Amino acid sequence: MPGSFYLPIYLTVISLLTCVQYTYYKRSNYGFLASRRVVDPVNSFLFAVLVGVFIGLRPQYWGFVDMNNYIDWYPVMWGYEFSFDWNAENFLFDNLYSFMSCSGIHWHYFFLVIAFIYFGCMWYSCWKLFPYDTQVAFLTCLAAFSTFSYGTNGVKAGAAASLFLTALSYRRNLLMTTLFLFLSLGFHHSMMLPIGAFILAYFYRNTKVYFLVWGLCLLMAAAHITYFQNLLAGFSDERGTDYLLSVGNDWGGKTGFRIDFIIYSAMPILVGYWAIFRRGVRSMFYEFVLSVYLITNAIWLLCMYASFTNRIAYLSWSMYPIVLIYPFLNENFGKDRYKQFAKVMLFHLLFTLFMEIVYY
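Basis of the calculations
Residues numbered from 1 in each chain as written. Predicted model: local features only at pLDDT ≥ 70, side-chain atom pairs only at ≥ 80, totals over all residues. Heavy atoms only, no water. Helix = DSSP H or I, 4+ residues; strand = E, 2+ residues; numbered from the N terminus. Buried < 20%, exposed > 50% of the residue type's maximum accessible area, 1.4 Å probe, protein only. Contact = heavy atoms within 4.5 Å. Areas by Shrake-Rupley, 256 points an atom, 1.4 Å probe, with all protein chains shown as cover. Axes fitted to C-alpha atoms, helices over the stretch in contact; angles between N-to-C directions. Parallel < 35°, antiparallel > 145°, perpendicular 65-115°, else oblique. Left-handed = near helix turned anticlockwise from the far one by under 90°. Salt bridge = Lys/Arg side-chain N within 4 Å of Asp/Glu carboxyl O. Expected span 1.5 Å × (residues − 1).

1. Description of the overall build of the protein
Then comes step 1: Check the secondary structure of the protein and you find 19 helices and 0 strands.
Then comes step 2: Out of the 360 residues belonging to the protein, those deemed buried represent 52%.
Then comes step 3: Considering only residue pairs separated by 6 or more positions, the protein has 77% of its internal contacts joining residues 24 or more positions apart.
Then comes step 4: Summed over all atoms, the accessible surface of the protein reaches about 16,600 Å², with 66% contributed by carbon and sulfur.

Written out as structure tokens, the structure is:
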């Protein structure tokens, strides 16, 4: 099947399934759903496997961008003896890539492994965080604006981000959290930013302050203040510096004040403000993960005018669906919360469809 068919098929299937779930949640009251909620991860797991196979065995296609770079370099190491390189930039991803290449394994199976890590960890995180609503939570993750792109293009960052989600899901097990944070960093060094936000939010738990910081960063972005963008470039590696200091349009994407990205990024924040300060939701985990999102997204606001700004934004967007839906599915603040969730889930999908079909 041609690579150009993959995005339309993906969006069609996700849209149909989302509409089914929307109808179910919209028409059901809290008591009806609560009486039928059971932990049944089998269906959602099988769906995750199907999605992983579908994306993992995709053909080479120019629209998948970074995939082509990995394929071009893949045969270079065929026949060489594999040796673990501790000095690799991304010590787990790069060595996995080298091992499979040196072993003569076809590149199709390399991308299949990465897809299983990406979608598998995403599903596993949904199962741990939403045991009674795994299927709809996973579907919401699949409908996110950046999910398909980071399953076919920025696969290294996508896999790292899913491992980070798993670390979040092990919030009560510090050993497992540390392990998955380590694995996440090993897949992509850019995860230092969300890991740093994780550590900061873990030791300083004042969500109100993080709301204020995000608002301040938004004002600085609107005023086109790039001081912190240049400052962060000084602490980055060579590639990170190129991303932060390159502000031209020759990279193939849009630059400038990204009102579309701001609207998208603000939705979990508005939901969080409404849930915490209007509905009185008090959840240590929700406030923690919202704080991590606020910190990470605030850094993107400070770097908005750089090229590849979407890659910086993805460091927060990877946890976007979890932050967006958590209070509706896991917090008891009213009998209408499932109906409200249905609306949020639908608008979440509609934004993705608008961006993919109309805006781009």
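2. Re the packing of helix α1 (residues 6–27) against helix α3 (residues 42–56)
Then comes step 1: Orientation of α1 relative to α3, taken along the N-to-C sense of each, is 165 degrees, at an axis distance of 12 Å. In terms of orientation, α1 and α3 fall into the roughly antiparallel class. Considering how the two elements wind past one another, α1 and α3 form a crossing that is left-handed. From α1, Tyr-6, Ile-9, Tyr-10, Ile-14 and Leu-17 reach across to α3, where they touch Phe-47, Phe-54 and Ile-55.

3. Focus: the pattern of salt bridges
Then comes step 1: Summed over all chains, the structure comprises 3 salt bridges.
Then comes step 2: A salt bridge links Asp-66 to Arg-311; its shortest N-O distance comes to 3.1 Å. Taken together, the residues Asp-66 in helix α4 (residues 66–73) and Arg-311 in helix α17 (residues 309–317) connect sequence positions 245 residues apart.
Then comes step 3: The closest approach of N and O atoms between Asp-336 and Arg-279, which form a salt bridge, is 3.7 Å. One end of the pair, Asp-336, is in the loop between α18 (320–330) and α19 (337–359); the other, Arg-279, is in the loop between α15 (259–278) and α16 (284–302), with 57 residues separating them in the sequence.
Then comes step 4: By relative accessible area, which is 32% here, Arg-279 ends up partly exposed.

4. Section: unusual backbone geometry
Then comes step 1: Residue Val-65 is not a glycine yet carries a positive backbone phi of 45 degrees.
Then comes step 2: Checked against the element boundaries, Val-65 lands in the loop between α3 and α4.
Then comes step 3: Classification of Val-65 by relative accessible area gives partly exposed; the value is 41%.

5. Here's the deal with helix α9 (residues 155–169)
Then comes step 1: Taking 1.5 Å per residue as the helical rise, α9 with its 15 residues ought to reach 21 Å, and the 21 Å between its terminal C-alpha atoms agrees with that figure.
Then comes step 2: A large share of α9 lies buried, amounting to 15 of its 15 residues.

6. Points about helix α12 (residues 207–222)
Then comes step 1: With 16 residues, α12 extends 23 Å from end C-alpha to end C-alpha; this agrees with the ideal 22 Å at 1.5 Å per step.
Then comes step 2: Those residues of α12 that fall on the buried side of the exposure criterion are Thr-207, Tyr-210, Phe-211, Trp-214, Cys-217, Met-220 and Ala-221.
Then comes step 3: At the exit of α12 stands His-224, carrying a positive phi of roughly 55 degrees.

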